[in-house]
Amino acid sequence: MAAVAVVGTLWTSVAMATITQGDFSVFGFFETRVAGHWGEGSSSRDSTPTTIVHPTVTSSFAIPGKSFGITGGSFDFNHWDLAEQRNLADVRPDYHMVKNYKLLGRFDTLLIKDADFFAYYRPWYDSFGSLKNHGRERPNTDVTPYSQNDSSNNGVFPVHSLQNDYFKNDLREWYAQLNFTDNFSARIGKQQIIWSEADALSGTEVTNPVNATWHGVYGAEAAEDVRTNLRMIKLNYILPDFLKTANNELEAFIIPGDFEAAQIITQADPRNPYVVPVALDGGCQTCGSGPDSPFPVDFNQNGQKLNVSEVPNGDPKGMIFLPIGPVVGGKASGQFYDFYSKNLSHTPSNSLENSEFGARYSTLLPIGNGLQTSFIYLYEFRSALSETCAGCTAKVTGEPGAFAVAPGTFVIPGFFLNRPRRGVLVGGTVEAVSTTDYRRNHFIGLTGTYYDKDLTDIVYRYDILYQPKTSISVPATVAARGAEWTEFTRWIIAGDRPTYIPWISKQHTFLTAQFTETWYPDRPPGAVPQVSTNGKVRELSSLAFINATNWLMNGQLTAGNLILWDIDDNVGELATTNVYRYSRNVLLGVNAQWFLGRSGRYTDPYLLSRQQRFNELEFTFTYEI
């Protein structure tokens, strides 16, 4: 839904103990997390009811009422809300099954010199949905209580079940690492591809889609825990040194039909505390008369207008108001319509025909102290293009009497998704029809590091991506389908340096800084964000952060502090992560995120200006096995 990029803030990871028995080892931990949000605000004014007017003896029209307003923001410390009560396990068994061409020490493998089998199991349960039956949903939004297994979706605002959002039985990784020679190896199974040298907004980290449904776009999670692992075969071959180069290595993989997502996976259920705060208001080019059109889905079933300026304030049973009546007392009158968004496309099937590919060549070039460089090529189903079905006719609805009111948008008189309430004039349903163009796109990347030990004692890192085709939304005057393909590039430069600051710690402070520039070389005229046509997509946008990691109290306390800032929109966040080793097996943690700067921006590609009602304070208790 949201074409946003995750910014991976540099969270402190938990060290894990290991239990070893012969060739078998297992390591991991058990953890409890409790988090709350501040700044969510409350209802700010009384609501007013819908009224019915009769301009003539035989006609009746509705004048919408108003629902509650919304307060809150970065500095609203008076309103706190439970956001997380998660209990999880992290278990990682490893079995060294082949040694010196012998499987289990008995059977000759002939070709496989050495092999390990590795798995990563991460189940968890979050009691938030059980404790708060309506989640974070606001008053007057026709909220549906959580059920254990039943889910629904009107195509815009989903209603998920407890099982869907708060229970996970997740075998995240499983693969066999097969070493045929000292130079040639293969990894087969469900795994991640991590080729980037960047920490945040990496351009070349494309293969494993980010899943931000359960701890938000800015959740306190390690990067490996938000990537969606894929079934693949990965081959590695170490080449000899030549032409004064060293550390030459060729890697390639094939994903034989395991499509999971074309982009970041976000949470769109307004009840969820980690619903993505995508801006609405203005006219969605790919939703027909969807959540963000001139007649947006921002009226509840009582016919009251909601402040649906962003997805978290949405109503899964929301209606559209069409002002087809006369103006009465300076107010527009008309009828309400239920809304349903339908996509006619199917995701790529899991077949060999839809396989995805990638390759990387790495080398150490003889430049200065040695420039480590990796050339990357990917051919994957990423960056799908969602578009209005401008060529569809009313027959696509499957309902008699339907007629078009705009390209891909149809009115179905007398057809109701929800039973109309007394005193609310509902004329039927508006259905918006769209399609999605799933295609394998090309991704060309360059990434690497350089250690300048002579002048600055800094390890420099760089990451560059060129994408010939990425999807972008445009006004209907540019393209009737509301979207186009365009070029996309991302340029990243970063640096790491241990610095001794005696008044902070007896140990070195590890400083990390990164600057990211995103450039659309041939941005179409009037390009807008994927959901909202308020604002624009900048041709150039800049993001920077600096992070300091300290080891305090004789190394028992690891503290990371981050400042991240969207330079163009003047918004950002302050974040801190702290892990204290209380004993050999027990760790205590405190994490916080505070979003600052301008609020409610429509040109904010990273949603920082709309995270300001989702500031978080989190406490963790970890027991290592």
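What you see is a predicted model; the values in this text were computed from it and never measured.

1. Quick word on the overall build of the chain
Thought 1: Each helix and strand in the chain was counted, giving two helices and 39 strands.
Thought 2: At 27 Å, the chain has a C-alpha radius of gyration in line with the 25 Å of a compact globule built from 625 residues.
Thought 3: With respect to the principal axes defined by its C-alpha atoms, the chain has extents near 90 × 55 × 50 Å.
Thought 4: Taken over 625 residues, the chain has a buried fraction of 53%.
Thought 5: Counted over contacts in the chain with a minimum sequence separation of 6, partners at least 24 positions apart contribute 67%.
Thought 6: As displayed, the chain has an accessible area near 27300 Å², and 58% of this comes from carbon and sulfur atoms.
Thought 7: With 50 positive and 63 negative side-chain charges, the chain shows a separation of 3 Å between the mean positions of the two kinds.

2. A few points about the pattern of salt bridges
Thought 1: In total, this model carries 31 salt bridges according to the counting rule given.
Thought 2: With a closest N to O distance of 2.5 Å, Glu 205 and Arg 227 form a salt bridge. With Glu 205 in the loop between strand 15 (184–191) and strand 16 (211–212) and Arg 227 in the loop between strand 16 and strand 17 (230–238), this residue pair connects regions lying 22 residues apart in the sequence.
Thought 3: Among the residues examined, Arg 227 registers a relative accessible area of 7% and is labelled buried.
Thought 4: When salt bridges with common partners are traced through the structure, they connect Glu 31, Arg 33, Glu 84, Arg 86, Arg 122, Asp 126, Glu 221 and Asp 225 into a single cluster.

3. Quick word on the packing of aromatic side chains
Thought 1: As enumerated under the stated definition, the model contains 20 aromatic pairs in all.
Thought 2: Consider the rings of Phe 180 and Phe 184, whose centres lie 5.2 Å apart with planes at 25°: the pair is stacked.
Thought 3: Between Trp 195 and Phe 253, the aromatic rings sit 5.6 Å apart at their centres with planes inclined by 55°, giving tilted as the arrangement. Placement of Trp 195 in the loop between strand 15 and strand 16 and of Phe 253 in strand 18 (residues 246–255) is noted, with a sequence separation of 58 residues between them.
Thought 4: Relative accessible area serves as the criterion here: at 4%, Phe 253 is assigned to the buried category.
Thought 5: Connected via pairs of aromatic rings, a cluster forms that spans Trp 38, Phe 75, Phe 77, Trp 80 and Trp 594.

4. Details of the state of the cysteines
Thought 1: Under the counting rule described, the total for this entry stands at one disulfide.
Thought 2: Two residues share a disulfide in this structure: Cys 389 and Cys 392, whose sulfurs sit 1.8 Å from each other. One quick way to see it: the torsion about the S-S bond of Cys 389 and Cys 392 is about 65°, and its sign makes the bridge right-handed. For the pair shown, Cys 389 and Cys 392 are each scored as buried.

5. Quick notes on the nonpolar core
Thought 1: If you look at the biggest cluster of nonpolar residues, it comprises 40 residues, and the most contacted ones within it are Phe 339 and Leu 608.
Thought 2: Broken down by secondary-structure element, the contributors of at least two residues to this core are strand 21 (319–322), strand 24 (335–343), strand 30 (426–437), strand 35 (540–552), strand 36 (557–566) and strand 37 (571–581).
Thought 3: Discounting residues that sit within four places of it in the chain, Leu 608 has contacts with Tyr 218, Leu 543, Leu 564, Asp 566, Val 571, Gly 572, Glu 573 and Phe 595.
Thought 4: Counting 18 residues, the second largest nonpolar core, distinct from the first, contains Phe 253, Phe 443, Phe 488 and Ala 527.

6. Regarding the confidence of the model for the chain
Thought 1: When the pLDDT values of the chain are averaged, the result is 89; 93% of them are 70 or greater.
Thought 2: pLDDT under 50 marks residues 1–12. Its contacts with residues more than four places away, or in other chains, come to 54 contacts.
Thought 3: Here residues 282–292 scores under 50 on pLDDT; set against residues more than four positions off or in separate chains, the count is 58 contacts.

7. A word on the pairing of strand 26 (residues 371–380)
Within a regular beta strand, the side chains point alternately toward one face of the sheet and then the other, so they alternate between its two faces.
Thought 1: With seven of its 10 residues buried, strand 26 lies for the most part within the structure.
Thought 2: Relative to strand 26, strand 25 (residues 356–365) is paired through nine bridges, and the arrangement is antiparallel. Within the sheet, the bridge partner assigned to Leu 364 lies in strand 26 and is Gln 372.
Thought 3: Here strand 25 folds back onto strand 26 in antiparallel fashion, the turn holding five residues, of which Gly 368 has a positive phi close to 60°.
Thought 4: Bridging between strand 26 and strand 31 (residues 441–452) involves 10 bridges; their strand directions are antiparallel. Within strand 31, the residue paired with Tyr 379 across the bridge is His 442.

Basis of the calculations
Residues numbered from 1 in each chain as written. Predicted model: local features only at pLDDT ≥ 70, side-chain atom pairs only at ≥ 80, totals over all residues. Heavy atoms only, no water. Helix = DSSP H or I, 4+ residues; strand = E, 2+ residues; numbered from the N terminus. Rg over C-alpha atoms; globule rule 2.2 N^0.38 Å. Buried < 20%, exposed > 50% of the residue type's maximum accessible area, 1.4 Å probe, protein only. Contact = heavy atoms within 4.5 Å. Areas by Shrake-Rupley, 256 points an atom, 1.4 Å probe, with all protein chains shown as cover. Lys, Arg positive; Asp, Glu negative; His and termini not counted. Charge placed at Lys NZ, Arg CZ, Asp CG, Glu CD. Salt bridge = Lys/Arg side-chain N within 4 Å of Asp/Glu carboxyl O. Phe/Tyr/Trp six-rings, centres within 6.5 Å; stacked < 30°, edge-to-face > 60°. Disulfide = S-S within 2.5 Å. Core = buried A, V, L, I, M, F, W, Y, C linked by side-chain atoms within 4.5 Å. pLDDT = per-residue confidence, 0-100. Pairing = 2+ DSSP bridges.

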